[in-house]
Amino acid sequence: MNSPITGNTRILALIADPIVQARTPGMANALLEQRQLLGKFVLLPMHVSAQGIIPVVDALRQIKNFSGAVVSMPHKSAIVELIDELTLEARLVGAVNVIRRNADGRLIGTILDGEGFVTGLLSAGHRVSAARCLLAGAGGAASAIAFALAKHGCASLCITNRTHARAEALASRIQLAFPHISISTEPDPSQNFDIAINATPLGMQPNDELPFSSALIDRSTLLAECVIAPEMTPLLEFAASKGKLVHTGVPMLAGQMRLMLDFMGVE
């Protein structure tokens, strides 16, 4: 049986804005329950604005029964400058999506979006090795996914972003770390893609524009999402209507949830 929440309960958190759509608390606490650890640990949603992230991070250092937090939009890049230590991958990506508090109050951050996304793809039977990939976005989640795709052996990677300079900067970092992979920031009109991935917030709102043009969707075999709610985003609904394979954002979260709990010190 799970123990009740007591004064000995260790607190985990989800830090995000907005937060009403978040599935992390339900999934994390269900996993804790499966491990018979719910009560020893509990994960709580914390709705924190961009203006509030600095004092919140400072306060987390002072909470002695705080073990760690999942960090979601829009804080993944901003929190990098606020914590005490980054793993190598977080430094390369320039973003953090999970932190843990050591006994001395120091906050350590890493990024698991990329490994979670690739794990989700593989668990659904899709291939990353030798795949031609198209990625929309150059923020924290997109950067992590780009590094993970390269790490797992994609053949090529085209990165698009509304701010072209950010796409160029990310492409340069990927190329430096993985010089053997073909990297670009402009889709070749003649190129087809095995996987097209939306790693932007587009799709969280019903009136959002699509992250890819209809022509790019036509030239892609699999359309994949990072947006979790709604599960079937406008991109996936449009792609499915054209007979394309689709992959929701939920497997990405499920793929990294165990890794996140381990990093936050859940025994």
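Residues numbered from 1 in each chain as written. Predicted model: local features only at pLDDT ≥ 70, side-chain atom pairs only at ≥ 80, totals over all residues. Heavy atoms only, no water.

J.: Tell me what's going on with the state of the cysteines, and back it up with residues and numbers.
T.: Within the structure shown, the criterion is met by zero disulfides. Cysteine cysteine 133 remains unbridged, with the sulfur of cysteine 154 as its closest cysteine sulfur at 4.7 Å. Judged by relative accessible area, which is 1%, cysteine 133 ranks as buried. (Disulfide = S-S within 2.5 Å. Buried < 20%, exposed > 50% of the residue type's maximum accessible area, 1.4 Å probe, protein only.)

J.: Can you lay out the side chain of glutamate 115 for me, pointing to particular residues and giving the numbers?
T.: Along the polypeptide, glutamate 115 turns up in helix H4 (residues 113–123). For glutamate 115, the side chain forms a polar contact with the side chain of lysine 151, separated by 3.3 Å. Not counting residues within four places of it along the chain, the set of residues in contact with glutamate 115 comprises Ala148, Lys151, His152 and Leu259. (Helix = DSSP H or I, 4+ residues; strand = E, 2+ residues; numbered from the N terminus. Polar contact = N/O pair within 3.5 Å; in protein donor to acceptor, adjacent residues only side chain to side chain. Contact = heavy atoms within 4.5 Å.)

J.: Residues and numbers for the environment of valine 48, please.
T.: Here valine 48 lies in the loop between strand S2 (41–47) and helix H2 (53–60). Sequence-wise, valine 48 and threonine 119 are 71 residues apart; in three dimensions their C-alpha atoms are separated by 29 Å. The contacts of valine 48, once residues within four sequence positions are left out, are Ile15, Ala16, Asp17, Ile53, Val56 and His75.

J.: Can you tell me about H2, naming the residues and giving the values?
T.: Looking at H2, one finds that the buried residues are Ile53, Val57 and Leu60. Summarising the axial view, the buried residues of H2 lie within an arc of 60°, below the 170-degree limit, and thus occupy one face. Residues of H2 that are buried sit in contact with strand S1 (10–16), strand S3 (66–71), strand S5 (98–101) and strand S6 (107–110). (Arc of directions from axis to C-beta.)

J.: Account for the environment of methionine 232, naming residues and giving values.
T.: Inspection of the secondary structure assignment puts methionine 232 in the loop between strand S11 (220–225) and helix H8 (234–241). For methionine 232, a relative accessible area of 33% puts it in the partly exposed group. The spacing of methionine 232 and methionine 204 is 28 residues in sequence and 10.0 Å in space, taken between C-alpha atoms. The contact partners of methionine 232, leaving out residues within four places of it in the chain, are Glu237 and Thr248.

J.: Which residues make up the sheet that holds S3, and what values go with them?
T.: Judged by pairing direction, the sheet is mixed, and its six strands sit side by side in the order S2-S1-S3-S5-S6-S4 without closing on themselves. If you trace the sheet from one side to the other, it starts and ends with S2 and strand S4 (85–86), each paired once. Strand direction decides the pairing type here: S3 and S5, joined by three bridges, are antiparallel. Counterpart to alanine 69 in the pairing with S5 is isoleucine 99. (Pairing = 2+ DSSP bridges.)

J.: An account of the nonpolar core is needed here, citing residue identities and associated values.
T.: Leu135, Ile145, Leu149, Leu157, Ile174 and Ile197 are the most contacted members of the largest nonpolar core, which totals 53 residues. The dominant element in this core, judged by the number of residues it contributes, is helix H5 (residues 140–151), at eight residues. Ignoring any residue separated from it by four or fewer positions in sequence, one finds isoleucine 145 in contact with Asp113, Gly114, Phe117, Leu135, Ile197, Ala199, Cys226 and Met252. The next biggest cluster of nonpolar side chains, apart from the first, holds 21 residues, and it includes Ala28, Leu32, Phe41 and Val70. (Core = buried A, V, L, I, M, F, W, Y, C linked by side-chain atoms within 4.5 Å.)

J.: Pulling in residues and values, what's your account of the packing of H4 against H5?
T.: Closest axis-to-axis distance for the H4/H5 pair is 7 Å, and the angle between their directions is 60°. Judged by the inter-axis angle, H4 sits oblique to H5. Classified by chirality, the crossing of H5 by H4 is right-handed. The segment H4 lies against H5, with Asp113, Gly114, Glu115, Phe117 and Val118 engaging Ala141, Ala144, Ile145, Ala148, Leu149 and Lys151. (Axes fitted to C-alpha atoms, helices over the stretch in contact; angles between N-to-C directions. Parallel < 35°, antiparallel > 145°, perpendicular 65-115°, else oblique. Left-handed = near helix turned anticlockwise from the far one by under 90°.)

J.: Break down the packing of aromatic side chains for me, citing the residues and quoting the values.
T.: Across all of its chains, the model carries one aromatic pair by this definition. When the ring centre of phenylalanine 263 is taken as reference, the NZ or CZ atom of arginine 100 above it lies at 4.5 Å. (Phe/Tyr/Trp six-rings, centres within 6.5 Å; stacked < 30°, edge-to-face > 60°. Lys NZ or Arg CZ within 6 Å of the ring centre and 35° of its normal.)

J.: Describe in detail the pattern of salt bridges, supporting the description with residues and values.
T.: The final tally for this structure, using the stated rule, is 10 salt bridges. One network of salt bridges, in which partners are shared, links Asp58, Arg61 and Asp84. (Salt bridge = Lys/Arg side-chain N within 4 Å of Asp/Glu carboxyl O.)

J.: Tell me about the sheet that holds strand S8 (residues 156–160), and please be specific about residues and values.
T.: Two orientations exist for strands paired in a sheet by backbone hydrogen bonds: parallel and antiparallel. A sheet is described by the order of its strands in space; here six strands give the open sequence S9-S8-S7-S10-S11-S12, paired in parallel fashion. Each edge of the sheet is formed by a strand with only one pairing partner; in this case those strands are strand S9 (182–184) and strand S12 (245–247). Averaged over all adjacent pairs, the angle separating strand axes in this sheet is 20°, with direction ignored. One ladder, built from five bridges, connects strand S10 (residues 193–198) with S11; its direction is parallel. Considered in S11, the bridge of isoleucine 197 is made with alanine 224. In the packing of H4 onto the sheet, the strands contacted are S10, S11 and S12, and the crossing angle to S11 comes to about 130°.

Nothing here speaks to function; it is all geometry.
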